[in-house]
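# Geometric and topological summary
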Amino acid sequence: MKRLVMAAAMAAGLAGTAMAQQPPVSLQSWGSFHVGGREVVISGQPVREVLFSPGGVPARVDPNGTYLMGSMYAQYMIPANPRGQAPILMWHGGGLTGVTYETTPDGREGWQHYFLRRGWPVYVSDAVERGRAGWSMIPEQTGGSHLLLTVDNPFERFRIGNGAGSFARGEVLPGNQFPADRESYMNFMRQIVPRFTTTDALTLEAYLALLDRVGPSVVVAHSQAGLFGWRAAQERPDKVRALVLVEPAAVGDAAKVAALRNIPVLMIYGDYIAQDSRWPTIRGNGVRFAEAVRAAGGSVDVVDLPERGIRGNSHMVMMDRNGDQVAGIIQEWLASKGLYQ
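A short tour of the structure in this document, coming up.

How each quantity is defined
Residues numbered from 1 in each chain as written. Predicted model: local features only at pLDDT ≥ 70, side-chain atom pairs only at ≥ 80, totals over all residues. Heavy atoms only, no water. Phe/Tyr/Trp six-rings, centres within 6.5 Å; stacked < 30°, edge-to-face > 60°. Buried < 20%, exposed > 50% of the residue type's maximum accessible area, 1.4 Å probe, protein only. Lys NZ or Arg CZ within 6 Å of the ring centre and 35° of its normal. Helix = DSSP H or I, 4+ residues; strand = E, 2+ residues; numbered from the N terminus. Contact = heavy atoms within 4.5 Å. Polar contact = N/O pair within 3.5 Å; in protein donor to acceptor, adjacent residues only side chain to side chain. Pairing = 2+ DSSP bridges. Right-handed = clockwise from strand over helix to strand, strands pointing away.

All right, on to the packing of aromatic side chains then. One pass over the structure, following the stated rule, counts 17 aromatic pairs. Ring geometry for Tyr114 against Phe115: centres 5.0 Å apart, planes inclined by 70 degrees, an arrangement best described as edge-to-face. Exposure class is identical for Tyr114 and Phe115. Each is buried. Among the aromatic residues, those joined into a cluster by ring pairs are Phe155, Phe158, Phe167, Phe178, Tyr185 and Phe188. Taking NZ or CZ as reference, Arg159 lies 5.3 Å from the ring centre of Trp279, over its face.

Turning our eyes to something else, we now look at the environment of Tyr340. Within the element layout of this structure, Tyr340 appears in the segment after helix H10 (323-336). Each residue touching Tyr340, except ones within four places of it in the same chain, is listed here: Arg83, Gly84, Gln85, Arg118, Trp120, Gln331, Leu334 and Ala335. There is a polar contact of 3.2 Å between the side chain of Tyr340 and the side chain of Arg83. A polar contact of 2.6 Å, which involves the side chain of Tyr340, links it to the backbone oxygen of Arg118.

Further remarks concern the pairing of strand S10 (residues 265-269). Each regular strand shows side chains that alternate between the opposite faces of the sheet. Among the 5 residues in S10, 5 count as buried, and that is most of the element. Of the two faces of S10, the one holding Val265, Met267 and Tyr269 and the one holding Leu266 and Ile268 are both buried throughout. Of the pairings in the sheet, the one linking strand S9 (residues 240-246) to S10 comprises 4 bridges and is parallel in character. Directly across from Val246, in S10, lies its bridge partner Ile268. Pairing analysis gives 5 bridges linking S10 to strand S11 (residues 300-304), with the strands arranged parallel. By the bridge assignment, Ile268 is partnered in S11 with Val303. Of the crossover connections in this fold, the one passing from S10 over helix H9 (residues 279-295) to the parallel S11 is right-handed.

Just distances and angles here, no functional claims.
Structure (structure tokens):
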């Protein structure tokens, strides 16, 4: 394949920063595709007359018919000299897109770059109805309605700010590593997209289609995608070489824990969990599921970052200023499983 050379400084547009002094990333290929989806028939909807452009001619639009819904988007970058023994698929959390892994709100390189620089083929995706993925008719096809976050919600819910009202006060948790200056935080909010609570089945189908297309892979899943990481591994145990769950918000199917017995799993949790109103329960659910996997013969390593001396991590671990330290833990763990040469 034709070798592509991408300068990291060009990708981020931050000349003069430390990142701009990084060497170029050499790629053998770089592209994208859409995958998955199902055909669904809609009927009983009224015909409408729509003016698509000001001053244009009205068009008659009949919304009844067959639609393709539930597809997703993936972008891949294959390094010139691969060292990872499988591609890494990076799956984002709720209300977010693949940008989670591409960059940080203050303009540093994201985990996409970190693992590319170490020779891993990396696939970053936008899940169903996020970013560049295909969309559906809501609620006609899936029921429900979208949820969108106010500017203070992630600040206070993602363990960045110090409790209720902290966004208005501009008060972060002591030692917090998320780039929470106003400019950076607003850059994060620009990434927020609508999410739905009624599309999980479609999303899992799309992730399974992605695994089927790419083949055996390492899956790195954050937050909401923890559900899809667990369940995709249970449905396609031959396609998941390892599963890395970064603050997973949900667990897998308790009836299928035995399917995970040959898949090494790493679970990572950040800081400030004990004092949060929700995360002790979320983490507890995850650890209990991990125990069930171990009881079925599986291997699950649970890392609480403060116990490793890595402190100040928010829910958005990969965007924190010390995010590369966490990526280093993942890198070492994958190497210990024989997935890196």
